[in-house]
Amino acid sequence: MTPPEHKARIARRFDAAAATYDVASAAQRTAAGELARQIRELLPASTTTPRRVLEIGCGSGHLTRELLPHIAGDWFVSDIAPAMVTRCRTSCGPAAHYLVMDGEHSALAGPFDLIISNLAAQWFADLPGTMARLADLLAPGGFLALSTLGNENFAAWHAAHAALGLTAATPGYPSGATIAAALPPGLALRHFSEQNLPAHGSDPLEFVRNLRAIGADTPAPGTAPLAPGQLRRVLRHLAQSAPAGVCYHLIYVVAQRPD
Ligand SMILES: C[S@@+](CC[C@H](N)C(=O)[O-])C[C@H]1O[C@@H](n2cnc3c(N)ncnc32)[C@H](O)[C@@H]1O
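The structure contained in this document is the topic of the report that follows. (Residues numbered from 1 in each chain as written. Predicted model: local features only at pLDDT ≥ 70, side-chain atom pairs only at ≥ 80, totals over all residues. Heavy atoms only, no water.)

## Quick notes on the packing of aromatic side chains
Applicable threshold: What counts as a ring pair is set by centres within 6.5 Å for rings of Phe, Tyr and Trp (its six-membered ring), and what kind of pair is set by the plane angle: stacked under 30 degrees, edge-to-face over 60, tilted for all other angles. Helix and strand definitions here come from DSSP, where helices need a minimum of 4 consecutive H or I residues and strands a minimum of 2 consecutive E residues; each element is numbered from the N-terminal end. Each residue's exposure class comes from its accessible area (1.4 Å probe, protein chains only) as a fraction of the maximum for that residue type: buried when under 20%, exposed when over 50%, partly exposed otherwise. Ring-over charges, as used throughout, are those where CZ of Arg or NZ of Lys falls within 6 Å of the ring centre and within 35 degrees of the ring normal.
For the structure on display, the rule yields five aromatic pairs. Ring geometry for F76 and F112: centres 6.0 Å apart, planes at 80 degrees, overall edge-to-face. With F76 in strand β2 (residues 73-79) and F112 in strand β4 (residues 112-118), this pair connects stretches of sequence that are 36 residues apart. Like F76, the residue F112 is buried in the burial classification. An aromatic cluster is present here, built from F154, W157, F207 and Y248 joined pairwise through their rings. Across the ring face of F112, the terminal group of R52 is positioned such that the distance to the ring centre comes to 4.4 Å.

What follows is the structure, given as structure tokens:
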């Protein structure tokens, strides 16, 4: 499968999950709240100053709902999956412009005062390249704020596969330090943090169902979903090796272009 085919597959899966995403995405909602808190802490106090804002990978609108009412200006809210954009527009209302767009190659020209993205960047084919392109779209003093997944994401899930001689179809990710080091040199790092967040209860089957319900089950390139018998073995192993459940490893990065 070529990289464009893989990206189209990711978009189709999220598109198909748009109706179930909102209620199934408690972890993503928590991450959106945390990222919004960090952004509001760093933005200059006068949030009434109109700003030009770009959101990438809006999904059903968890982050949009957190920030749109508090940051005045021209908002451009985008996602690669058309049905997600429709969901977000329905939920967040007409105060923003909505568009279907691959956030790795913005169709919009800068400058933006704020570029935000909650848990979409882990799907990018080229995160360092995308951060460099987004940095070029920032106005002087503008912020790039994103959350993504790190190298310990679903560690117990990956360990259960390894223990059984299997390969997980869920992607692997770079460490937080690698992501921070990949920031474009022109940007100053203003916030960095990591968080382990339970993915979905302690029932391993619920974890798998939840990934499907949010559309986050596209296999990593070169991998395939488990056969039913293999999945049952992994779930049995997980129930014993990780009784507390599987965790997301979240990375939060806020960087600023100097004035
Ligand atoms: C896990 S969801 C997060 C959605 C939302 N930001 C939230 O907080 O719930 C990931 C979203 O990123 C979108 N996405 C994936 N790759 C993308 C890309 N290259 N450009 C824009 N959006 C992308 C998906 O369609 C999906 O809506």
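## Some remarks on the environment of I71
Positionally, I71 belongs in the loop between α4 (62-67) and β2. Expressed as a C-alpha distance, the spacing of I71 and R51, which sit 20 residues apart in the sequence, is 7.3 Å.

## Quick notes on the nonpolar core
Condition: By nonpolar core is meant a set of buried Ala, Val, Leu, Ile, Met, Phe, Trp, Tyr and Cys residues that side-chain atoms within 4.5 Å join together. Should any heavy atoms of two residues lie within 4.5 Å, those residues are counted as being in contact.
Counting 58 residues, the largest nonpolar core has W75, I116, W157 and Y248 as its most contacted members. The leading source of residues in this core is helix α3 (residues 26-42), at seven residues. Aside from chain neighbours lying at most four places away, what touches Y248 is A27, Q28, L149, N153, F154, Q195, N196, L197, P198, A199, L211 and I214.

## Digging into the state of the cysteines
This is how it is decided: Sulfur atoms of two cysteines make up a disulfide when they are within 2.5 Å.
What the rule picks out here adds up to zero disulfides. There is no disulfide at C92, and the cysteine sulfur nearest it, in C88, is 3.9 Å away.

## Quick word on the sheet that holds strand β7 (residues 247-256)
Threshold: Whether two strands pair comes down to DSSP finding at least two bridges between them. Axis definition: a line fit to C-alpha positions, over the contact stretch in the case of helices; interaxial angles, taken between N-to-C directions, run 0 to 180 degrees.
Read from one edge to the other, the open sheet built from seven strands follows the order β3-β2-β1-β4-β5-β7-β6, with strand pairing classed as mixed. If you trace the sheet from one side to the other, it starts and ends with β3 (97-100) and β6 (188-198), each paired once. For this sheet the average axis-to-axis angle between neighbouring strands, irrespective of direction, equals 15 degrees. With six bridges connecting them, β4 and strand β5 (residues 138-149) associate as parallel partners. Bridged to S117 within β5 is L146. Contacting β4, β5, β6 and β7, α3 runs over the sheet at an angle of about 25 degrees to β7. Across the sheet, helix α6 (residues 127-136) is in contact with β4 and β5; its angle to β5 comes to roughly 155 degrees.

## Quick notes on the site of the ligand
The cut-off we apply is this: Proximity is defined per residue: if any heavy atom of the residue lies within 4 Å of a molecule or strand, that residue is considered near it. Under the rule applied, a polar contact is a pair of N or O atoms within 3.5 Å (in protein, one hydrogen donor and one hydrogen acceptor; residues adjacent in sequence only if both atoms are side-chain atoms). A 1.4 Å probe and the Shrake-Rupley method give the accessible areas. Residues count as covered only by the protein chains that appear here. Throughout, the ten residues Ala, Val, Leu, Ile, Met, Phe, Trp, Tyr, Cys and Pro are labelled nonpolar, Asp, Glu, Lys and Arg are labelled charged, and all others, Gly among them, are labelled polar.
Lining the immediate environment of the ligand, one finds 19 residues, of which Y21, G57, D79, G103 and N118 sit closest. The side chain of Y21 places a nitrogen or oxygen atom 2.6 Å from an oxygen atom of the ligand. Within the side chain of D79, an N or O atom sits 2.6 Å from an oxygen atom of the ligand. Contact with the protein chains hides 99% of the accessible area of the ligand, taken as 600 Å² for the molecule alone. Residues belonging to the shell around the ligand are distributed by class as follows: eleven nonpolar, six polar and two charged.

## Quick look at the packing of helix α7 (residues 155-163) against helix α10 (residues 228-241)
Note the cut-off: Angles below 35 degrees are treated as roughly parallel, those above 145 as roughly antiparallel, those between 65 and 115 as roughly perpendicular, and all remaining angles as oblique. It is the rotation of the near helix from the far one that decides the hand of a crossing: anticlockwise by less than a right angle makes it left-handed, clockwise makes it right-handed.
At a closest axis distance of 9 Å, the pairing of α7 and α10 adopts a crossing angle of 120 degrees. Between α7 and α10, the crossing angle belongs to the class labelled oblique. Handedness of the α7/α10 crossing: right-handed. When α7 is examined against α10, the residues A156, W157, A160, H161 and A163 are found in contact with a partner set consisting of L231, V234, L235, H237 and L238. In the contact of α7 with α10, the residues fall into eight nonpolar, two polar and no charged.

## Re α6
Taken together, the buried positions of α6 are occupied by L127, G129, T130, M131, L134 and A135. A side-chain oxygen of the first residue of α6 lies 2.9 Å from the backbone nitrogen of G129; this N-cap is D126.

## Description of the pairing of β3
As paired elements, β2 and β3 share four bridges and run parallel to each other. Within the sheet, the bridge partner assigned to S78 lies in β3 and is L99.

## A closer look at unusual backbone geometry
For the bond from G110 to P111, the omega torsion is 0 degrees, close enough to zero to count as cis. With respect to the helices and strands, P111 occurs in the loop between β3 and β4. Of note in the backbone geometry, F154 takes a positive phi value of approximately 50 degrees without being a glycine. Relative to the helices and strands, F154 resides in the loop between β5 and α7. Residue F154 is classed as buried on the basis of its relative accessible area of 5%.

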